[in-house]
Amino acid sequence: MDDMFGLRVAVIVGSTRDGRFGPVVANWLLIHLAQREDMTFDLVDLAETPLPTVFPAFGQPAAPGTAELLAPVSPRLAAADAFVIVTPEYNHSFPASLKNAIDWHNKEWHAKPVGFVSYGGLSGGLRAVEQLRVVLAELHAVTIRDTVSFHGAWTQFDADAKAKDPAADAAAKTMLDQLAWWAHALRDAKALRPYAA
Ligand SMILES: Cc1cc2nc3c(=O)[nH]c(=O)nc-3n(C[C@H](O)[C@H](O)[C@H](O)COP(=O)(O)O)c2cc1C
């Protein structure tokens, strides 16, 4: 199988809020990804790639300008072998910006694994993750069992942006190892037999 470039992992930063904490969490994850020999990553930051929020009528062309806004995102999701979604918890769920990005795509998610790094207040974003599993199942994606979560996230990183608790680093390795297993398994299977949705 084609392992020349390793697994291509798209890291999606779901929060677009002014003053957001998301990049601290994402940058911590990217250090883990950069250390892996089996993966390359592409950071898809939804704050840098705002997408439209009005969908076209069924069977109708999208509004002018839609294709231009999707162009910096969709091909990168299509090219990914696997995803890691970095999500906060907003009102016991995930942010609207993330759902919007998910909803603009369909085949881009099919038969691909999705891991999660979540953060938030008391729950560490776990409720956001559990809801994302339901959404992504509809899109034929496979969600990874083990996650990384930061509760009270703003207290969990030191001045060098390292996680204070080494358990978080161990959790990231576990999640990425599981993601790699699924990404290889699904990529190999798709090469043998195209996924029929
Ligand atoms: C609209 C909104 C709703 C929130 N709801 C929750 C919540 O239900 N549970 C929780 O633990 N934290 C909640 N928080 C706290 C966020 O998880 C926390 O501020 C996090 O840093 C937000 O991510 P961001 O800074 O990247 O936007 C909420 C924050 C916002 C802005």
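Owing to the predicted nature of the structure, the values given are computational and were not obtained by experimental measurement.

Draft legend 1. Focus on the nonpolar core. Counting 29 residues, the largest nonpolar core has W28, L29, V117 and F150 as the members making the most contacts within it. Elements with a contribution of two residues or more to this core: β1 (7–13), α1 (22–34), β3 (82–88), β4 (113–120), β6 (148–151) and α6 (166–192). No other element matches the seven residues that α6 contributes to this core. Formed by 26 residues, the second largest nonpolar core is a distinct cluster that contains I12, F83, V114 and V135.

Draft legend 2. Just the side chain of S15, in detail. Among the structural elements, S15 can be located in the loop between β1 and α1. Here S15 falls in the buried class, since its relative accessible area comes to 1%. A polar contact is formed between the side chain of S15 and the side chain of Y90, at a distance of 3.5 Å. If we ignore the near neighbours within four places in the chain, the residues touching S15 are R20, D45, A47, P88, Y90, P95, S97 and Y119.

Draft legend 3. Focus on empty space enclosed by the protein. As enumerated under the stated definition, the model contains one cavity of 30 Å³ or more in all. For the largest cavity, the calculated volume is near 30 Å³. Considering the residues around the largest cavity, the lining is formed by I12, V44, L46, V73, L77, L98, A101, I102 and W109. Sorting elements by how many residues they give to the lining of the largest cavity places helix α4 (residues 96–103) first, with three residues. Taken together, the residues of the lining of the largest cavity sort by class into nine nonpolar, no polar and no charged.

Draft legend 4. Here's a closer look at the packing of aromatic side chains. This model, assessed by the stated rule, comprises eight aromatic pairs. With centroids separated by 6.2 Å and ring planes inclined at 55°, the aromatic side chains of F21 and Y119 adopt a geometry described as tilted. Taken as a pair, F21 in the loop between β1 and α1 and Y119 in strand β4 lie far apart in primary sequence, 98 residues in all. Relative accessible area serves as the criterion here: at 22%, F21 is assigned to the partly exposed category.

Draft legend 5. Inspection of the pattern of salt bridges at higher detail. Inspection of the entire model under this criterion finds eleven salt bridges. Residue D81 pairs with R187 through a salt bridge whose shortest N-O separation is 3.0 Å. Taken together, the positions of D81 in the loop between α3 (74–79) and β3 and R187 in helix α6 put the pair 106 residues apart, joining distant regions of the chain. Residue D81 is classed as buried on the basis of its relative accessible area, which comes to 8%. In this structure, E89 engages R127 in a salt bridge whose closest nitrogen and oxygen atoms are separated by 2.8 Å.

Draft legend 6. Expanded view of unusual backbone geometry. Despite not being glycine, A111 shows a phi value in the positive range, around 55°. Within the fold, A111 resides in the loop between α4 and β4. For H140, which is not glycine, the phi torsion reads 65° and is therefore positive.

Draft legend 7. A look at the packing of α1 against α6. Two numbers describe how α1 lies on α6: the axes approach to 11 Å, and their chain directions differ by 60°. Between α1 and α6, the crossing angle belongs to the class labelled oblique. Here α1 and α6 pass one another in a crossing that is right-handed. Of the residues in α6, those touching α1 at W28, L29, H32 and L33 are A168, D169, A172, M175 and L176. Considered class by class, the residues forming the contact of α1 with α6 number seven nonpolar, one polar and one charged.

Cut-offs applied
Residues numbered from 1 in each chain as written. Predicted model: local features only at pLDDT ≥ 70, side-chain atom pairs only at ≥ 80, totals over all residues. Heavy atoms only, no water. Core = buried A, V, L, I, M, F, W, Y, C linked by side-chain atoms within 4.5 Å. Buried < 20%, exposed > 50% of the residue type's maximum accessible area, 1.4 Å probe, protein only. Helix = DSSP H or I, 4+ residues; strand = E, 2+ residues; numbered from the N terminus. Polar contact = N/O pair within 3.5 Å; in protein donor to acceptor, adjacent residues only side chain to side chain. Contact = heavy atoms within 4.5 Å. 1 Å grid on protein atoms, 1.4 Å probe; cavity = no way out; pocket = protein on both sides within 12 Å on 5 of 7 lines; lining within 4 Å. Points joined across faces, edges and corners; volume = space filled by probe spheres on them. Nonpolar A, V, L, I, M, F, W, Y, C, P; charged D, E, K, R; others polar. Phe/Tyr/Trp six-rings, centres within 6.5 Å; stacked < 30°, edge-to-face > 60°. Salt bridge = Lys/Arg side-chain N within 4 Å of Asp/Glu carboxyl O. Axes fitted to C-alpha atoms, helices over the stretch in contact; angles between N-to-C directions. Parallel < 35°, antiparallel > 145°, perpendicular 65-115°, else oblique. Left-handed = near helix turned anticlockwise from the far one by under 90°.

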